[in-house]
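# Fold and contact review
Each chain is listed here by its residues.
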Amino acid sequence: MTAESRKSMRSRNMRSVRTKNTKPEMQIRRALHARGYRFRVSPKDIPGKPDLWFSGKRAAIFVNGCFWHAHGCHLFKIPGSNAPFWNKKLTENVSRDARVQQLLFEHGIRVLVVWECAMRGKSSISPDLVALLAATWLQSESKCGCITSKGLNTFPCPDPLFMIGTYYTV
C-alpha cells in the first residue's frame, strides 16, 4: 500500500467520525426517553453544548468517546504515527473538558459524563443499565458523576481523575 493510499484511507476514516448522534449517544437518548425523561439535544446556549440537557434538573450529560477525550481505559491508545499532533490535540480536548465542566459547576449545573467504554468493549454494560444509572444520577442530589464499565461514580464537584481523561493531566 502506497503512502498516498494510506493517507487517503486515513482521511476517509477521519471524515466518518461523528461528533453528534453517535451510537452510544443515541442508545442513551432512546433509553432515557423510554423512561419518560425529556431533554434538549446539544443546546447552543449551554457551555460545552452537552449531548443531553435536562433544564428542569439543571443537569447536563456528556457522552464522551474514550479516544477523543483520552480516557485512559482499554479503548484508548495514542496513535503511533504523528504522535506530537495527537498529543497536542488530545491534551487540548482534555483541557477544554476540564474548563467546561468547571464553568458548568460554577453556574450550578450538574454534570454527568458517560464514557464510551461503559457501552462498548470487553467489559461493557448494557445500554439499558447505563440509562438506569444515568436516571439514578438524575434523581440524586449529586453534583458530578461519571459512568464507566465499572458503573456509576459520583462526587461533590468536578473531579479530574474521573470526569476528564485520566491519560493526560491538566
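All of these numbers come straight from a predicted model, not from anything done at the bench.

## Description of the packing of aromatic side chains
- The final tally for this structure, using the stated rule, is 7 aromatic pairs.
- Plain terms: the ring middles of Tyr37 and Phe54 are 6.2 Å apart, the flat faces sit at 90° to each other, and that makes the pair edge-to-face. In this pair, Tyr37 sits in the loop between helix H2 (23–34) and strand S1 (40–41) while Phe54 sits in strand S2 (residues 52–54), placing the two residues 17 residues apart along the sequence. An identical accessibility class is assigned to Tyr37 and Phe54; each is buried.
- With 5.4 Å between their ring centres and 65° between their planes, Phe67 and Trp86 make a pair best called edge-to-face. Here Phe67, found in the loop between strand S3 (59–64) and helix H3 (83–106), pairs with Trp86, found in helix H3; they are 19 residues apart in sequence, far enough to count as distant.

## What about the pairing of strand S5 (residues 144–148)?
- Of all 5 residues that make up S5, 5 are buried, and the element is covered over most of its length.
- Burial of the side chains of S5 extends over both faces: Cys144, Cys146 and Thr148 are buried on one face and Gly145 and Ile147 on the other.
- Here strand S4 (residues 110–115) runs beside S5; their pairing, made up of 4 bridges, is parallel. Residue pairing in the sheet places Val114 in a bridge with Ile147 of S5.
- Connecting the antiparallel pair S5 and strand S6 (residues 151–155) is a turn made up of 2 residues.

## A few points about the side chain of Ser149
- By secondary structure assignment, the location of Ser149 is in the loop between S5 and S6.
- According to the relative accessible area criterion, Ser149 is buried, its value standing at 19%.
- A polar contact is formed between the side chain of Ser149 and the side chain of Ser123, at a distance of 3.4 Å.
- Contact partners of Ser149, with chain neighbours within four places excluded, come to Cys117, Ala118, Ser123, Ser124 and Ile125.

## Observations regarding the packing of H2 against helix H4 (residues 127–139)
- H4 packs onto H2 with a crossing angle of 65° between their chain directions and a minimal axis gap of 9 Å. Crossing of H2 against H4: the hand is right-handed. Only Pro127, Asp128, Val130, Ala131, Ala134 and Ala135 of H4 make contact with H2, whose side of the interface consists of Gln27, Ile28, Ala31 and Leu32.
- Broken down by class, the residue content of the contact of H2 with H4 amounts to 8 nonpolar, 1 polar and 1 charged.

## Some thoughts on the nonpolar core
- Ile28, Leu32, Phe54, Ile61, Val114, Val130 and Ile147 are the most contacted members of the largest nonpolar core, which totals 22 residues.
- Taken together, the elements giving at least two residues each to this core come down to H2, S2, S3, S4 and H4.
- The contacts of Leu32, once residues within four sequence positions are left out, are Tyr37, Phe39, Leu52, Phe54, Ile61, Ala131, Ala134 and Ala135.
- Counting 16 residues, the second largest nonpolar core, distinct from the first, contains Trp53, Phe62, Cys66 and Val100.

## Observations regarding the pairing of S6
- As paired strands, S5 and S6 are joined by 5 bridges and run antiparallel to one another. Bridged to Thr148 within S6 is Gly151.

## Here we look at the confidence of the model for the protein
- Summing up the model confidence of the protein, the mean pLDDT is 85 and the portion of residues at 70 or higher is 81%.
- Mean pLDDT in the protein bottoms out at helix H5 (residues 160–163), which sits at 57, and peaks at S2, which reaches 97.

What counts and what doesn't
Residues numbered from 1 in each chain as written. Predicted model: local features only at pLDDT ≥ 70, side-chain atom pairs only at ≥ 80, totals over all residues. Heavy atoms only, no water. Phe/Tyr/Trp six-rings, centres within 6.5 Å; stacked < 30°, edge-to-face > 60°. Helix = DSSP H or I, 4+ residues; strand = E, 2+ residues; numbered from the N terminus. Buried < 20%, exposed > 50% of the residue type's maximum accessible area, 1.4 Å probe, protein only. Pairing = 2+ DSSP bridges. Polar contact = N/O pair within 3.5 Å; in protein donor to acceptor, adjacent residues only side chain to side chain. Contact = heavy atoms within 4.5 Å. Axes fitted to C-alpha atoms, helices over the stretch in contact; angles between N-to-C directions. Left-handed = near helix turned anticlockwise from the far one by under 90°. Nonpolar A, V, L, I, M, F, W, Y, C, P; charged D, E, K, R; others polar. Core = buried A, V, L, I, M, F, W, Y, C linked by side-chain atoms within 4.5 Å. pLDDT = per-residue confidence, 0-100.

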